[in-house]
Every structure is written in structure tokens, then in C-alpha cells.
Amino acid sequence: MEYEEIIATVQHAAGDIPRGEAERATAAVLRTLAERLPRGEARHLLRELPAELKPLVHKETDDPERLDIDDFLDRVAAREGTSVETALRNARAVFAALGRALSPEETGHLAANLPQTFDPLLAEIQGRQVSLMPASEFRRRVAQRLGTDDAAAWPVIEAVLGALAERIAAGQAEDLIAQLDPLLHPPLRQGMIAAGPEARRMPLDEFLRRVAVREGTDEDEAGLRERTFEHVRAVFATLAEAVSPEEWFDLTAELPAEYPGLIPAAP
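Position numbers for residues count from 1 along each chain, tracking the sequence in the order it is written. In keeping with the predicted nature of the model, local features appear solely for residues at pLDDT of at least 70, side-chain atom pairs appear and are counted solely at 80 or more, and the whole-chain, interface and lining totals rest on all residues. Side-chain numbers here rest on the full set of heavy atoms in the structure, without hydrogens or water.

I'd like to hear about the layout of surface pockets, residue by residue, with values.
Each pocket or cavity is described by its volume, and for the largest pocket that value is around 170 Å³. Together, E85, L88, R89, R92, L132, M133, P134, A135, S136, D181 and L183 line the largest pocket. Counting from the N terminus, the helices are DSSP H or I runs at least four residues long and the strands are E runs at least two residues long. Taken together, the elements giving at least two residues each to the lining of the largest pocket come down to α6 (84-101) and α9 (135-146). The element contributing the most residues to the lining of the largest pocket is α6, with four residues. For the lining of the largest pocket, the class distribution of residues is six nonpolar, one polar and four charged. Note on definitions: the grid is 1 Å and covers protein atoms alone; a cavity is a set of points where a 1.4 Å probe fits but cannot get out; a pocket is an open set with protein on both sides within 12 Å along at least five of seven lines; lining residues have an atom within 4 Å of a point. Grid points are joined across faces, edges and corners, and a volume is the space filled by probe spheres set on the points. Each residue gets one label: Ala, Val, Leu, Ile, Met, Phe, Trp, Tyr, Cys and Pro are nonpolar, Asp, Glu, Lys and Arg are charged, and the others, such as Gly, are polar.

So this is what it looks like as C-alpha cells:
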């Protein structure tokens, strides 16, 4: 596949963006991808790209940088000079172009060298459909359940996801991250960092308090519990719609018997 075809594919897949933006996106994604890959795999990728793109994936060092999907998108966004949301859109477009430009063997190698959290990008390179609820839709559904606007719903989502990541096992949090829009990952990552041995065993009242603290609320205890309970229910109900039934079952199986009032049935 020639350079012009790759850039045209990126333009179209990203929603008919200007050529200059498509070229910047392609360069940012390929440079960051090369940093994530072992040198041997980067060389395999280099051999299948047109001459104009080869310098972007050339690397001297052998050790790959252990970037997760969030680090990857942050770095792409910094290189593009854009938001993480735009970086995700453009990265998916570049991976879609790579899916057309590379051999099946090379796309298989790429998939084997990237972790599960890269699935939204790998789906593009492999021509698979991935049912990933956009963060904007997640926010809209939470807002609708709470009877508020999208802006007011976002701090609630961050608070609940952060407290949830403190409560569940790190491996379960990683599985959850793999099924959510990368824009929803930061509060989960923050919760994983904040989690300690006691967090994993927190009773319901402590869980609700942690959500409230993350929201920055200063209500009295009675009002606090009722309001926070509804916030958690709204986010949990949306999570049940956003992830697979298997993931929802695994997630709720980690929560103790006193939590069911918060937990809707899987859709």
C-alpha cells in the first residue's frame, strides 16, 4: 500500500479530516507504536511500510517501553498537540489503515505484542467490530439517570469508578479497563493506585463515604448516604450496559452481600 493510500485511508476513517492532520496523526501513532514494540517487531513493521513512513518506526534500542493504552494515547495526543479524545479517534484511523497496509502475518505479530487494553485499536487493524460505549454516551446515560446534565454527571462517574477500582482486585480492574472507552480509564487507574489492603475489604458504608469524598461533598451523614447511593446506582447501571455480561458477572461477584441494592441485573 502506497503512502498516499495510507494517508487517504486515515483521513476517511477519522471522519474526513484534513490531509495535514492525517499526516500528523500517522506520524504520532507510528512513532509511539515503535516505542511500545521490541526492536525486532518494529523492524518487521518497518519492512512492510512505504519509504515515507519507515523512519517513523526505526529504533536503535531493543527494550520496548511498557506503555499501557492510556500512556500510549497521552503520548500520541502530546505529539499531535490535541486532546486524548481526538488522539483516540485518530489512532483508530491509523490502525485501520495499517490493517489494510500490512500482511496478515504482521498484524498477528502486532496483536501478540500489545496487551488486552489495546483492543479498541487492535480491532481496527484486524477488521473486527468492537462494541465500545463512547465516554460521551456513558456520561449521557448517567446524567439521564440522575436527572442532571452531562457536566454534572462527570464528577460522579469519576468518583464512583475511582472508589470501585479501590474495592475490586487489580486484575479485575484491568479487565474492566479493557472494555471501557480510554477516556474512562483515568479514575480507574487512580483508584488502583490508591487501593491498599483495607480498601479491598471495605464495607458498603465505607465505599459510599469514599465516593462522597471523591465528589467533594460536605452534606450531613443522612443526606450524604442517600444521595451517594443514587449516584453509585446510576453509574453501576450504566456499567452493566457498557461491558459484556461475563465481565459484569465477574465484577459483581467481587462485591459482598450488602452491595446488591446498588447492583442492577445484567442487561
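Following the structure, the description resumes.
Please provide a residue-by-residue account of the packing of aromatic side chains, values included.
Any Phe, Tyr or Trp ring, taking Trp's six-membered ring, that has another such ring centre within 6.5 Å forms a pair; planes under 30 degrees apart are called stacked, those over 60 apart edge-to-face, and the others tilted. A full pass over the atoms with the stated rule returns four aromatic pairs. Taking the centre distance of 5.3 Å and the plane angle of 70° together, the rings of F72 and F118 count as edge-to-face. Within this pair, whereas F72 is found in helix α5 (residues 69-80), its partner F118 is found in the loop between α7 (104-113) and α8 (119-125), the two being separated by 46 residues in sequence. Exposure categories follow from relative accessible area, calculated using a 1.4 Å probe and restricted to protein chains: below 20% of the type maximum is buried, above 50% is exposed, and the middle band is partly exposed. The class for F72 is buried, based on a relative accessible area of 0%.

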